[in-house]
Amino acid sequence: MSGKQELQKSAAIVRISEEDIKSISEDLRLKLTPEEASAIYEFCDGTCKDYQRVYELTAPTPTVKYPRTPGYRDTQDDSWYYRCDIKGAEKGLLAGKTVAIKDNVTVAGVPMMNGSKLLEGFVPDRDATVVTRILDAGGRILGKSVCEDLCFSGNSCTSSTGPVKNPHDPTRSAGGSSSGSGSLVARKVVDVAIGGDQGGSIRIPASWCGIVGLKPTYGLVPYTGIMPIEKTIDHAGPMARTVEDCAALLEVIAGYDDGNDPRQFPAVPHPPYSKLVNDGIKGKKIGILTEGFVDVEEDLARVVRQRALTLKEAGAEVSDVSLPIHMDGLAIWTPVAFEGTYQMMIKGNGHGYNWKGSYDLPLQEALAGAYNLRPFDCPLPVKIVMIFSEYMQRNYQNKFYGKAQNLVQHLTREYNRILKDYDVIVMPTLPAKAFKLPSKEHSVYETLKLELGMIRNTAPFNATGHPALSVNAGLSEGLPCGMMIVGRMLDDLTVLQVARAVEKTFGEKPQ
C-alpha cells in the first residue's frame, strides 16, 4: 500500500443511518421520497465530518487565576453548601472583605449542586466572571452558599441539603432562592454575597433577612459561568448588610464581559458606585406606587410607607403614584418564566440554543445526564413548569410566550413613563413578612403556595429589567420589612443613593 493513510478515530457521533432518517421523517411528517432519503443520507456524510472536526478542536477555557483547594462540605451551618478559602489580590476595592458565592455560580475546583440532587458531585472547571472580578478586587471567598433546588423557590425549604432558617426567627423562612447568601450576610458570617434573581431571588431573602439586595439593571452584571434559568430574566447581583458594601460589590462585578454574555449591552460604562453612593437625594422625586401596596400585610405596608415619607427630611419629594398595569406584571412574567425555563433549563440542558457567548459544556453534560437518568428528582415547582409548558407547547406552540414577551415591552414602557416624572418608585418588596417554614403537617398544595406565593411585586422587574433593590424599612413583630426601590434602566446609582438615604433615617447604622 502506498500514500498517506488516514487512521481510524473515535467517532464523535454515531453516523446517522437510513433507518434514522426514515424514522425521523415519519415523526416530523416530512413525507420524504426514497430518493430524497437516500440523498440526505449521502449529504450527511459531510455533515458528520464537520461535527467530528468540531469535536477534535479545543475550545478555550477561562484561566483560573487564584490557587485553591476543593474545601469541605459544611454540615454544621444550614446556610453553607461547601466551604473553601480562596484569597484574591492583596489590594482592591474588596480587600479585607469576605464573600459567599451562591451555589448556582461556578467556582473552579469547588463542588456545585445548585441546591439539587441532580447535580450532586459536579465540580466546575472554571470561575464565573463575577468570581474572577471579586478575587481581582481583593475579595476572599469563604464558600458556596446554599440555594434552593434548581433556584426555583422563593422560600428556603427546597434545597436538597435542607431548609435555611431565618436569622430573626428559626421557625421562619430566610427567603429564596439565594437563601444561604441572605442568612450568612445577615448573621455577619460574611461581609457580602452574590445572589441570583429571576423572579425575586435576591430581593426575597434580602427582605426577610433584613439586609440589602440589588437586582441590577438587566445585563449590567455578566451572567457568564452562572447556571441559567431563562435568558431574558436571568440576573446576578450583590447582597450586603449595608448599602455602601452593596455599592462596592456592584462596582466590582458590573461591566461588559467581552461578548461572553448575550444579556449584556456592549461596553456600557458604569459610574464609581462606591464613591457616589453617599451623595444626597435632595430634590429627587420618589413615587410611592399605590398598586404595590395592594393585599400587603397592614403592618408591613405601614412600616414601608412611613419609612418612605421620612425621606422628605432628606430633601426628597415624596408622593403617591399609580400604574394599574403593575397588577398584571406577574401574569406577564409567568409564560416567559414557565415556557422559557422549560426550553432553556430543561430541554436545553441549562443553556439552550440561539445565542452567542460562552457555553459551559461540562455543566451542560452534567445536566443532560441527570435529566435523562433522574427527571423525577426535579423539585415540584420545576415539575409544574415542565408539565404545564409541555402542555402549552403541544397545544398552543409558543403563542403565549411570544405574546407575553410583546407585553413585556409594553410593561417596560409604562414603567419608563412614570420614571420620567419620578427618579424612583418604592413599594413593599413582598406582600408579607417572612413565611413560616413548612412542616410535615402542611399539604403539598399548601407548601407550593409557601414556595411561590410572594413574587407579585418582584417578578415584573425581572421581566422588564429595571434595577430593583430591597432595603430594610424597619421591624414589625420582630421581623424585617423590606422596601423595594425601583429606578430607571442603567441608573442603579440613584437606586443605591435612595437606599443609602433610607439607611440614614435610622442613624448611621441600619436596622
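Cut-offs applied
- Here the residue numbers are simple positions, counted from 1 along each chain's written sequence.
- With the structure being a predicted model, the display of local features is reserved for residues of pLDDT at least 70 and the display and counting of side-chain atom pairs for 80 or more, all residues being used for whole-chain, interface and lining totals.
- Neither water nor hydrogens contribute to the side-chain values; these are computed over all heavy atoms in the structure.
- Joining through side-chain atoms within 4.5 Å is the link that ties buried Ala, Val, Leu, Ile, Met, Phe, Trp, Tyr and Cys residues into a set, and such a set is a nonpolar core.
- Throughout, exposure labels follow a simple rule: accessible area from a 1.4 Å probe, protein chains only, divided by the maximum for the residue type, with under 20% read as buried, over 50% as exposed, and the rest as partly exposed.
- When checking whether two residues touch, look at their non-hydrogen atoms; a contact exists if any pair is within 4.5 Å.
- Lines fitted to the C-alpha atoms define the axes, with helices restricted to the stretch that makes contact. Angles between their N-to-C directions range from 0 to 180 degrees.
- Only DSSP runs of H or I with at least four residues qualify as helices, and only runs of E with at least two residues qualify as strands; both kinds are numbered from the N terminus onward.
- Orientation categories follow fixed angle ranges, with anything under 35 degrees roughly parallel, anything over 145 roughly antiparallel, 65 to 115 roughly perpendicular, and all other angles oblique.
- If you view the pair so one helix is near and one far, a crossing is left-handed when the near helix is turned anticlockwise from the far one by less than a right angle, and right-handed when it is turned clockwise.
- Gly is put with the polar residues, along with every residue not named as nonpolar or charged; the nonpolar set is Ala, Val, Leu, Ile, Met, Phe, Trp, Tyr, Cys and Pro, and the charged set is Asp, Glu, Lys and Arg.
- Paired strands are those between which DSSP finds at least two bridges.
- Only the six-membered ring of Trp is used, alongside the rings of Phe and Tyr, when aromatic pairs are assigned; centres must lie within 6.5 Å, and planes under 30 degrees apart are stacked while those over 60 apart are edge-to-face, with the rest tilted.
- One side-chain nitrogen of Lys or Arg within 4 Å of one carboxyl oxygen of Asp or Glu is enough to make a salt bridge.

## A word on the nonpolar core
In this structure, Ile 425, Ile 485 and Leu 496 are the most contacted members of the largest nonpolar core, which totals 128 residues. Those residues in contact with Leu 496 that lie beyond four places of it in its chain are Leu 214, Val 243, Cys 246, Ala 247, Leu 250, Tyr 273, Val 277 and Leu 469. Among the nonpolar cores identified, the runner-up in size contains eleven residues, and Leu 142, Leu 184, Ile 202 and Ala 206 belong to it.

## Things to note about the packing of helix H6 (residues 243-253) against helix H15 (residues 492-504)
Axis angle and axis distance: for two packed helices, these are the angle between their axes and the distance between the axes, and together they describe the pair. The interhelical angle for the contact between H6 and H15, taken along N-to-C directions, is 160 degrees, at an axis separation of 9 Å. With respect to H15, the element H6 is oriented roughly antiparallel. When you trace H6 past H15, the crossing you get is left-handed. Judged by residue contacts, Val 243, Glu 244, Cys 246, Ala 247 and Leu 250 of H6 engage Asp 492, Leu 496, Ala 499, Arg 500 and Glu 503 from H15. Among the residues making up the contact of H6 with H15, the classes are represented as six nonpolar, no polar and four charged.

## A few points about helix H3 (residues 129-136)
Residues lying three or four places apart along an α-helix face the same way, a consequence of the helix completing one turn every 3.6 residues. Counting buried residues along H3, seven of its eight residues qualify, which places the element largely inside the surrounding structure. Inspection of H3 places Thr 129, Val 130, Val 131, Thr 132, Arg 133, Ile 134 and Leu 135 among the buried residues, and these make up the whole buried set. Its buried side turned inward, H3 meets strand S2 (80-87), strand S3 (98-102), strand S4 (140-145), strand S7 (192-197) and H6. Following H3 by one or two positions, Gly 138 has its phi on the positive side, about 95 degrees.

## Observations regarding unusual backbone geometry
With an omega dihedral of 10 degrees, the bond running from Gly 176 to Ser 177 counts as a cis peptide bond. Tracing the backbone through its elements, the reader meets Ser 177 in the loop between strand S6 (169-173) and helix H4 (179-186). For Lys 188, which is not glycine, the phi torsion reads 65 degrees and is therefore positive. Phi is positive for Gln 397, close to 55 degrees, though the residue is something other than glycine. Structurally, Gln 397 can be placed in the loop between helix H11 (380-396) and helix H12 (399-419).

## Some thoughts on the pairing of S6
In the sheet, strand S5 (residues 165-166) pairs with S6 via two bridges, with the strands oriented antiparallel. Counted as the bridge partner of Lys 165 is Ser 173 from S6.

## Some thoughts on H6
Across the eleven residues that make up H6, a large majority, nine, are buried. In this structure, the buried residues of H6 make contact with H3, S7, strand S8 (212-215), strand S9 (235-240), helix H7 (273-276) and H15. The first or second residue beyond H6 is Gly 255, which carries a positive phi of 120 degrees.

## Some points on the packing of aromatic side chains
According to the stated counting rule, one finds eight aromatic pairs in the structure shown. Seen from their ring centres, Tyr 396 and Phe 400 are 5.9 Å apart, and the 85 degrees between their planes marks the pair as edge-to-face. Residue classification places Tyr 396 among the partly exposed residues on the basis of a relative accessible area of 35%. Between Tyr 415 and Phe 461 the ring centres are 4.6 Å apart and the planes differ by 40 degrees, which places this aromatic pair in the tilted class. Of the two residues, Tyr 415 sits in helix H12 while Phe 461 sits in helix H14 (residues 459-464), which places them 46 residues apart along the sequence. Take Tyr 415 and Phe 461: they sit in the same class, and that class is buried. Cluster of aromatic residues (ring-pair linked, three or more members): Phe 338, Phe 388, Tyr 391, Tyr 396 and Phe 400.

## A closer look at the pattern of salt bridges
This model, assessed by the stated rule, comprises 29 salt bridges. The closest approach of N and O atoms between Asp 299 and Lys 433, which form a salt bridge, is 2.8 Å. Pair noted here: Asp 299 is in helix H8 (residues 298-309) and Lys 433 is in the loop between strand S12 (424-428) and helix H13 (444-452), with a separation of 134 residues, a long-range link. Assessed through its relative accessible area of 12%, Asp 299 is described here as buried.

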